[in-house]
Amino acid sequence: MKLLIDFFPILLFFGAYKLQGIYVATAVLMAATVLQMGLIYAIERRLQTIHRITLALILIFGALTLFLQDERFIKWKPTVLYAAMALALAVALWLLRKNFLKLLLGSQLSLPDGVWMRLNVAWIIYCAFMAALNGYVAVWYSTEDWVNFKLWGYAFPLIFIVGQGVYVARHLKTDEASSP
């Protein structure tokens, strides 16, 4: 169910783009994301910071796209989001000396500090890579190609998250190790 909630805005965006073009697809994405956040809030009784930022960026960039009739705004939204995430994680880690991932997930995962550090750096690199990749596709390819990249480009986060899960699983402290 959670996977469906996570991916239905992009699937609706893709379908609307194929049927009606980028401007209708942008409006559909905006509406679907509002609905998505409403569902998340109904289930979890709160929205995480990343959810609020994503919603705000989609509504702002989507409104600019529709108001100005300029598709570049919606195409740059992922680049801005990923770059902001990479920058926030990097500033928190290297300037503020705070591991944001550990602060968010430390109560749910018991991992050594070195693993938290590597995960945080991996997220910084991943977000910077995704920002650069989306920016490249947005500038050098057609809108049709960018929309296809948005749909099939979801392989990148899936591969990253699965790889991260495999890496984390090796380092989790198990209850079996503490039992006699």
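Predicted model only: the values in this text are computed from it and were never measured.

### As for the overall build of the protein
Part 1 of the argument: The helix and strand inventory of the protein stands at nine helices and zero strands.
Part 2 of the argument: Ordered by position from N to C terminus, the α and β elements of the protein give α-α-α-α-α-α-α-α-α.
Part 3 of the argument: Sequence separation of 24 or more characterises 65% of the internal contacts of the protein that already satisfy a separation of 6 or more.
Part 4 of the argument: When the accessible surface of the protein is totalled, it reaches about 10,900 Å², and 71% of it is carbon and sulfur.
Part 5 of the argument: Taking the average location of the 15 positive side-chain charges in the protein and that of its 9 negative ones, the two points are 8 Å from each other.

### Here's the deal with the packing of aromatic side chains
Each aromatic ring pair is specified by the distance between its two centres and by the angle formed by the two planes.
Part 1 of the argument: For the coordinates displayed, the defined rule picks out seven aromatic pairs.
Part 2 of the argument: Taking 4.2 Å as the distance between ring centres and 5° as the angle between the ring planes, the aromatic pair formed by Tyr126 and Phe160 counts as stacked. Of the two residues, Tyr126 sits in helix 6 (residues 113-140) while Phe160 sits in helix 8 (residues 155-171), which places them 34 residues apart along the sequence. Phe160 matches Tyr126 in its accessibility class, with the two residues each being buried.
Part 3 of the argument: Where Tyr136 meets Tyr141, the ring centres are 5.9 Å apart and the plane angle is 65°; that geometry is what we call edge-to-face.

### Quick look at helix 2 (residues 22-44)
Part 1 of the argument: For helix 2, built from 23 residues, the straight-helix expectation of 33 Å at 1.5 Å per residue is met to within 8% by its first-to-last C-alpha distance of 32 Å.
Part 2 of the argument: Of all the residues in helix 2, the buried ones are Ile22, Ala25, Thr26, Leu29, Met30, Ala32, Thr33, Gln36, Met37 and Ile40.
Part 3 of the argument: Two residues or fewer after helix 2 comes Arg45, characterised by a positive phi angle close to 65°.

### Examining the confidence of the model for the protein
Part 1 of the argument: Averaged over all residues, the pLDDT of the protein is 89; the fraction at 70 or higher stands at 93%.
Part 2 of the argument: Below a pLDDT of 50 lies the segment residues 175-180, which in the model reaches zero contacts outside its immediate sequence neighbourhood of four places, other chains included.

### Details of unusual backbone geometry
Part 1 of the argument: Here Arg45, not a glycine, exhibits a phi torsion of approximately 65°, which is positive.
Part 2 of the argument: For Arg45, a relative accessible area of 58% puts it in the exposed group.

### Details of the packing of helix 6 against helix 8
Part 1 of the argument: Taken N-terminus to C-terminus, the directions of helix 6 and helix 8 make an angle of 175°; their axes are 12 Å apart at the nearest point. When the interaxial angle is binned, helix 6 and helix 8 end up roughly antiparallel. Judged by residue contacts, Val115, Arg118, Leu119, Ala122, Trp123, Tyr126, Phe129, Met130 and Leu133 of helix 6 engage Phe156, Pro157, Phe160, Gln164, Tyr167, Val168 and His171 from helix 8.
Part 2 of the argument: Among the residues forming the contact of helix 6 with helix 8, the class breakdown is 13 nonpolar, two polar and one charged.

### Re the pattern of salt bridges
For side chains of opposite charge, pairing can occur when their charged atoms come near one another.
Part 1 of the argument: Considering all chains together, one arrives at four salt bridges under this definition.
Part 2 of the argument: Residue Arg72 pairs with Asp70 through a salt bridge whose shortest N-O separation is 2.5 Å.
Part 3 of the argument: For Arg72, a relative accessible area of 54% translates into the label exposed.
Part 4 of the argument: The salt bridge involving Lys75 is made with Glu71; its shortest N-O contact spans 4.0 Å.
Part 5 of the argument: On the basis of relative accessible area, Lys75 is assigned to the buried category, the value being 5%.

Cut-offs used in this document
Residues numbered from 1 in each chain as written. Predicted model: local features only at pLDDT ≥ 70, side-chain atom pairs only at ≥ 80, totals over all residues. Heavy atoms only, no water. Helix = DSSP H or I, 4+ residues; strand = E, 2+ residues; numbered from the N terminus. Contact = heavy atoms within 4.5 Å. Areas by Shrake-Rupley, 256 points an atom, 1.4 Å probe, with all protein chains shown as cover. Lys, Arg positive; Asp, Glu negative; His and termini not counted. Charge placed at Lys NZ, Arg CZ, Asp CG, Glu CD. Phe/Tyr/Trp six-rings, centres within 6.5 Å; stacked < 30°, edge-to-face > 60°. Buried < 20%, exposed > 50% of the residue type's maximum accessible area, 1.4 Å probe, protein only. Expected span 1.5 Å × (residues − 1). pLDDT = per-residue confidence, 0-100. Axes fitted to C-alpha atoms, helices over the stretch in contact; angles between N-to-C directions. Parallel < 35°, antiparallel > 145°, perpendicular 65-115°, else oblique. Nonpolar A, V, L, I, M, F, W, Y, C, P; charged D, E, K, R; others polar. Salt bridge = Lys/Arg side-chain N within 4 Å of Asp/Glu carboxyl O.

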